[in-house]
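# Secondary and tertiary structure notes
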Amino acid sequence: MTPTTRPRTGRKRMSRAEREAQMLAVAEEVFGELGYRAASMEEIAERCGVSKPMLYEYFGSKDGLLLACLAKARAELYRVTSEAMALGADPLDVLRRGLVAYYAFTGEHSRSLALLMHEPMALPEGAIGAVEDVRRQQHELIAPVLAAWAPALPPTAVEAYTEIIIGACERISLWCTRRPDITPEQAAQYTLDFCWSGLSGTLQPPTEGAAT
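Residues numbered from 1 in each chain as written. Predicted model: local features only at pLDDT ≥ 70, side-chain atom pairs only at ≥ 80, totals over all residues. Heavy atoms only, no water.

Once that is clear, we can look at the pattern of salt bridges. Considering all chains together, one arrives at eleven salt bridges under this definition. Arg136 serves as the salt-bridge partner of Asp133, at 2.1 Å between the closest nitrogen and oxygen. With Asp133 and Arg136 both in helix α7 (residues 125–149) and three residues apart, the pair spans about one turn of that helix. Note on Arg136: relative accessible area 45%, which makes it partly exposed. What emerges from the salt-bridge pattern is a single network uniting Glu29, Glu33, Glu43 and Arg47. (Salt bridge = Lys/Arg side-chain N within 4 Å of Asp/Glu carboxyl O. Helix = DSSP H or I, 4+ residues; strand = E, 2+ residues; numbered from the N terminus. Buried < 20%, exposed > 50% of the residue type's maximum accessible area, 1.4 Å probe, protein only.)

Structural data, given as structure tokens:
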């Protein structure tokens with residue numbers, strides 16, 4: 001008599017990429033809730049439903065896990081902001097779209113943002129560099145918009161104004177963690193009202209027929 005084959009049960013086996021994405025999402029959640037120092041690999045592994053050795057196999061250490069979270073966030077932030085800016089009709093619209101996307105993203109990741117701003121000395125050394133990488137990435141998106149709008153503006157001024165906008169965005173993002181009633185669109189408009197209006201006297205497009 002042929003033995004009956006029992007159907008396989010249980011959860012679908014995850015691919016390595018799927019498992020890694022799950023671990024990073026859970027790790028960001030735990031880091032945001034508990035802070036970097038208080039967060040443990042045991043807690044993260046338990047929430048993921050994996051063993052702690054597996055977590056170490058993927059990321060090497062808690063420092064490595066945090067850095068992987070930051071790298072993932074940097075890539076996602078670049079994607080959403082650059083895609084939004086690509087739809088802009090003019091420099092002001094490009095910047096507005098980028099700001100809305102930026103604030104929407106930081107709003108969704110508000111706990112990890114607060115962690116980076118409130119616990120910089122508690123983070124591993126590499127995390128500070130990772131945050132600077134995010135800033136440089138945003139600089140590369142914003143500076144060309146300003147330069148295109150005012151081609152006669154000295155490069156140093158473009159660089160300075162870009163850094164001012166980036167600093168303002170970080171502070172507004174942090175403020176929004178305490179003001180959940182503020183939408184990304186409102187945050188973007190506040191930023192534009194202050195930054196773009198303040199620059200309006202400088203960032204003027206060249207007039208037709210102007211001497212070069």
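On the secondary structure map, Thr162 appears in helix α8 (residues 155–178). Of the residues examined, Thr162 reaches a relative accessible area of 0% and is grouped as buried. The spatial distance from the C-alpha of Thr162 to the C-alpha of Leu141 is 9.4 Å, given a sequence separation of 21 residues. Setting aside residues up to four positions removed in sequence, Thr162 forms contacts with His139, Ile142, Ala143 and Leu146. (Contact = heavy atoms within 4.5 Å.)

In this section: empty space enclosed by the protein. Going through the model one piece at a time under the given rule, you end up with two cavities of 30 Å³ or more. The volume enclosed by the largest cavity comes to roughly 500 Å³. Surrounding the largest cavity, 29 residues form its lining, Leu77, Thr106, Leu113, Leu116 and Val134 being those nearest its centre. Listing elements by their share of the lining of the largest cavity, those giving two or more residues are α1 (16–34), α4 (62–85), α5 (91–108), α6 (110–118), α7 and α8. Counting residues per element, the lining of the largest cavity draws most heavily on α4, at seven residues. Residue classes in the lining of the largest cavity are distributed as 20 nonpolar, five polar and four charged. Approximately 40 Å³ is the volume found for the second largest cavity. Broken down by secondary-structure element, the contributors of at least two residues to the lining of the second largest cavity are α1 and α4. (1 Å grid on protein atoms, 1.4 Å probe; cavity = no way out; pocket = protein on both sides within 12 Å on 5 of 7 lines; lining within 4 Å. Points joined across faces, edges and corners; volume = space filled by probe spheres on them. Nonpolar A, V, L, I, M, F, W, Y, C, P; charged D, E, K, R; others polar.)

The next point concerns helix α2 (residues 41–48). Because an α-helix completes one turn every 3.6 residues, residues spaced three or four positions apart along the sequence face the same direction. Within α2 the residues assigned to the buried category are Met41, Ile44, Ala45 and Cys48. Considered in projection along α2, the buried side chains sweep an arc of 95° and stay on one side of the axis. Here the buried face of α2 lies against α1, α3 (52–59) and α4. Backbone geometry just downstream of α2 places Gly49 in the positive-phi region, at approximately 80°. (Arc of directions from axis to C-beta.)

Such coordinate-based values are descriptive only and should not be taken to indicate function.
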